[in-house]
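The primary structure of each chain is shown beneath.
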Amino acid sequence: MFSSPTPTPIPEINPLDILSAEDVYAGIGYAYAPVLEGGTFIRDGNKATATYRSEPIGQGDPVIITITQFNESVTKESVWYEYDYDRVMRTSAEIVQGLGEDAFLAFPSIHVYDRGCHIEITAGSGSTDEQRNLLINLATTAVSKFEALMPAE
């Protein structure tokens, strides 16, 4: 008799896995020391959020990373529809090529859909080329680490 294959568990990815304080520090050009608010990330259902604030407070904008991922009770399609709805509702959204399966920038955030998950990074201010570059650079780092942790189908 053959036994049924054991399904591969879905890894629970958290924001600290894909953007560490060092990653954020480098991403912001070492402008201020990022400190993880509350000392950890917050998980609420299938969403996990981490907020890095400046030290001292007020020296720079916070960097907020949120991951919404599929799980046993939330399908990849549901995550995609939420991601796509966010894009449709932002009339100023600009498509970003080369990040995950789909990505868009809508100041002050960049959104990436990849492997059944929605990664949102909010950073910087001013809607400038500098902020655009900051968001794309942080997202590039995050997606690279994410894809190493979340298996492709």
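Refer to the structure printed above.
Residues numbered from 1 in each chain as written. Predicted model: local features only at pLDDT ≥ 70, side-chain atom pairs only at ≥ 80, totals over all residues. Heavy atoms only, no water.

Engineer: Honestly, the packing of aromatic side chains in this entry has me stumped. Any pointers?
Structural biologist: Pairs of aromatic rings are described using the distance from one ring centre to the other and the angle between the two planes. Summed over all chains, the structure comprises five aromatic pairs. Measuring from centroid to centroid gives 5.7 Å for Y83 and Y113, while their planes differ by 45°, and the two rings are tilted. Linking Y83 in helix 3 (residues 76–89) with Y113 in strand 7 (residues 109–114), this pair joins segments that are 30 residues apart in sequence. The residues Y83 and Y113 share a single accessibility class, namely buried. Ring-pair connections join several aromatic residues into one group, and the members of that group are W80, Y83, F104 and Y113. One residue, K76, lies across the ring of F70, its end atom 4.8 Å from the ring centre. (Phe/Tyr/Trp six-rings, centres within 6.5 Å; stacked < 30°, edge-to-face > 60°. Helix = DSSP H or I, 4+ residues; strand = E, 2+ residues; numbered from the N terminus. Buried < 20%, exposed > 50% of the residue type's maximum accessible area, 1.4 Å probe, protein only. Lys NZ or Arg CZ within 6 Å of the ring centre and 35° of its normal.)

Engineer: Would you mind showing me how to read the nonpolar core here?
Structural biologist: Generally speaking, soluble globular proteins have nonpolar side chains that are buried together. Membership of the largest hydrophobic core comes to 36 residues, with the highest contact counts inside it found for I18, V63, L99, I110, I119 and I121. Broken down by element, this core gets its largest block of residues, seven residues, from helix 4 (residues 129–149). When near neighbours in sequence (up to four residues on either side) are disregarded, I119 contacts I18, T66, I67, I110, H111, V112, V143 and F146. (Core = buried A, V, L, I, M, F, W, Y, C linked by side-chain atoms within 4.5 Å. Contact = heavy atoms within 4.5 Å.)

Engineer: Could you clarify how one ought to interpret unusual backbone geometry in this entry?
Structural biologist: Note on backbone geometry: most residues besides glycine have negative phi, and most peptide bonds are trans. With an omega dihedral of 5°, the bond running from E55 to P56 counts as a cis peptide bond. Mapped onto the secondary structure, P56 falls in the loop between strand 3 (47–55) and strand 4 (63–69). In the segment running from F107 into P108, the intervening peptide bond is cis, with an omega of 10°. The topology assignment puts P108 in the loop between strand 6 (102–106) and strand 7. One non-glycine residue with positive phi stands out, namely Y30, at about 60°. Here Y30 shows up in the loop between helix 2 (21–27) and strand 1 (33–36). For S127, which is not glycine, the phi torsion reads 55° and is therefore positive. As for its placement among the helices and strands, S127 is situated in the loop between strand 8 (117–122) and helix 4. S127 sits in the partly exposed class, given a relative accessible area of 47%.

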